[in-house]
Amino acid sequence: MDSRSHTHVTAALRLCLHALLTGLLALVVVRTASQDASHTAAVVGVAVLMAAVYAAGPLASSVQPGNRAGAVWLAGLGALWAPLLVLSPDALWVAFPLYFLQLHILPMRWALPAVVVTAAAAITSFVVHRQAIEPGAFIGPLIGAAVAVATVLGYDALFRESERRRELIVELVATRADLAEAERTAGTLAERERLAREIHDTLAQGLSSIQLLLRAAERSLPEEAPAAAHVRAAREAAQANLAEARSFVRALTPPDLEHGSPAAALERLCARTTGPELTVRFTVSGTPVELPTPYGVALLRTAQSALANTVRHARAGRAEITLSFMDTSVALDVVDDGQGFDPSGTPVHERGDGGFGLPAMRARAGSLGGALSVESAPGQGTAVALTLPLPVPEAGRAA
């Protein structure tokens with residue numbers, strides 16, 4: 001009948017309750033028969049009928065805690081127990097399993113009054129049959145009712161605590177899986193960025209230089225020179241491998257840069273970060289120019305890291321990201337109106353907080369010949385500015 005839990009403990013408790021009620025009904029029948037009472041047949045009939053009605057409850061799927069069918073079933077048991085109380089004084093012991101049934105089937109606001117009525121009926125039966133008022137007539141049923149109420153309330157408290165712990169364990173397992181997935185994703189993206197940077201800075205640049213040198217050599221050779229064909233073939237091979245290297249770099253770029261410019265990626269970042277507690281705006285200044293992949297990666301990662309610090313630590317309500325294209329450089333500014341901090345104080349990563357955002361941003365800017373500056377003060381917000389020099393186009397570079 002208990003739809004909330006199917007553990008071995010609850011199954012054992014239900015079996016004990018079944019055995020207790022059945023045993024007490026059998027005790028009533030045996031004691032009445034041993035006394036050769038004239039109403040023995042009536043007691044046997046009522047007890048058997050009550051046992052049959054009780055057995056029908058666990059077998060009926062409609063009888064569940066808190067529903068109408070369960071209340072009707074419980075009322076039927078009470079209606080059969082009342083004449084059994086009149087016929088035999090031993091029937092008052094059946095009140096004890098009835099306490100548990102009432103506390104289990106009925107809502108607590110109805111179960112407690114039902115327990116009180118059941119205890120009063122048991123006490124009345126004892127007094128009527130014994131024709132005397134004794135302390136035991138009150139103590140026994142009342143102690144039984146108190147034990148039943150305490151047991152059920154204690155079990156419910158343990159059950160709720162167990163459910164809370166189970167839910168917490170499920171959440172912890174899910175969180176650990178999410179963290180592991182996030183770490184794998186971050187590691188994959190970091191490795192992709194590193195490979196893209198290495199290919200761009202070594203192979204691609206080297207092949208580009210080889211191509212330019214071969215082009216110059218080809219121009220300096222007469223058309224009929226025997227080496228001209230070999231130089232031309234070498235230049236074409238270098239050009240083909242340069243195109244292949246650039247395709248590798250494009251394939252290894254961050255996902256946000258795969259389908260659009262750095263400006264579009266930054267705009268999507270602002271849209272994702274904007275929420276009920278933080279509004280992020282994005283603007284572009286100057287005439288946008290096409291940027292090499294490492295530049296787009298540096299701009300996007302710096303913006304992501306700066307916004308992450310804003311969300312976690314700044315308690316800001318507004319933030320603005322500005323991408324500025326100038327004649328010889330490109331600049332990224334991330335400004336928030338949060339609580340700020342003292343840039344001259346101990347760096348976060350040296351305080352043991354686990355933050356490496358600013359050192360990583362400075363290292364990324366330095367690898368491209370740029371600079372990162374941070375302006376902040378307690379209560380006055382924070383401004384992070386990244387400036388990168390634009391690469392000088394190589395004369396005669398093949399498209």
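Criteria and thresholds
- Residues numbered from 1 in each chain as written.
- Predicted model: local features only at pLDDT ≥ 70, side-chain atom pairs only at ≥ 80, totals over all residues.
- Heavy atoms only, no water.
- UniProt positions renumbered as here; feature names shortened; annotations may be inferred.
- Helix = DSSP H or I, 4+ residues; strand = E, 2+ residues; numbered from the N terminus.
- Core = buried A, V, L, I, M, F, W, Y, C linked by side-chain atoms within 4.5 Å.
- Buried < 20%, exposed > 50% of the residue type's maximum accessible area, 1.4 Å probe, protein only.
- Salt bridge = Lys/Arg side-chain N within 4 Å of Asp/Glu carboxyl O.

Student: What am I meant to see in the UniProt feature "transmembrane region" (unreviewed entry) in the protein here?
Tutor: Here, UniProt's "transmembrane region" (unreviewed entry) annotation points to residues 12-30, 42-60, 80-101, 110-132 and 138-158. Here residues 42-60 runs as 95% helix and 0% strand, with 27 Å between its end C-alpha atoms. Between the first and last C-alpha atoms of residues 80-101 the distance is 15 Å; the span itself is 68% helix and 0% strand.

Student: Can you walk me through the nonpolar core in this structure?
Tutor: As a rule of thumb, soluble globular proteins bury nonpolar side chains together. Counting residues in each nonpolar core, the largest one holds 38 residues, and the members touching the most others are Met50, Trp81, Leu84 and Leu101. In terms of nonpolar packing, the next biggest core, distinct from the first, is built from 34 residues, Leu269, Phe325, Val330 and Val374 among them.

Student: I keep staring at unusual backbone geometry and nothing clicks. Help me out?
Tutor: Of note in this structure, Arg315 is not a glycine but carries a positive phi near 55°. Locating Arg315 in the fold gives a position in the loop between helix H10 (293-314) and strand E2 (318-325). A relative accessible area of 74% means that Arg315 is categorised as exposed.

Student: Help me understand the pattern of salt bridges in this model?
Tutor: Where charged atoms from two side chains of opposite charge approach closely, those side chains can pair. For the coordinates displayed, the defined rule picks out eight salt bridges. For the salt bridge of Arg232 with Glu218, the shortest nitrogen-to-oxygen distance reads 3.2 Å. Here the residue Arg232 occupies a position in helix H7 (residues 226-251), and Glu218 occupies one in helix H6 (residues 135-220), the gap between them amounting to 14 residues. Given the relative accessible area of 19%, Glu218 is considered buried. A salt bridge links Glu320 to Arg318; its shortest N-O distance comes to 3.0 Å. Given a relative accessible area of 31%, Glu320 falls into the partly exposed group. What makes Arg318 partly exposed here is its relative accessible area of 41%. One salt-bridge network, held together by shared partners, links Glu161, Arg164 and Arg165.

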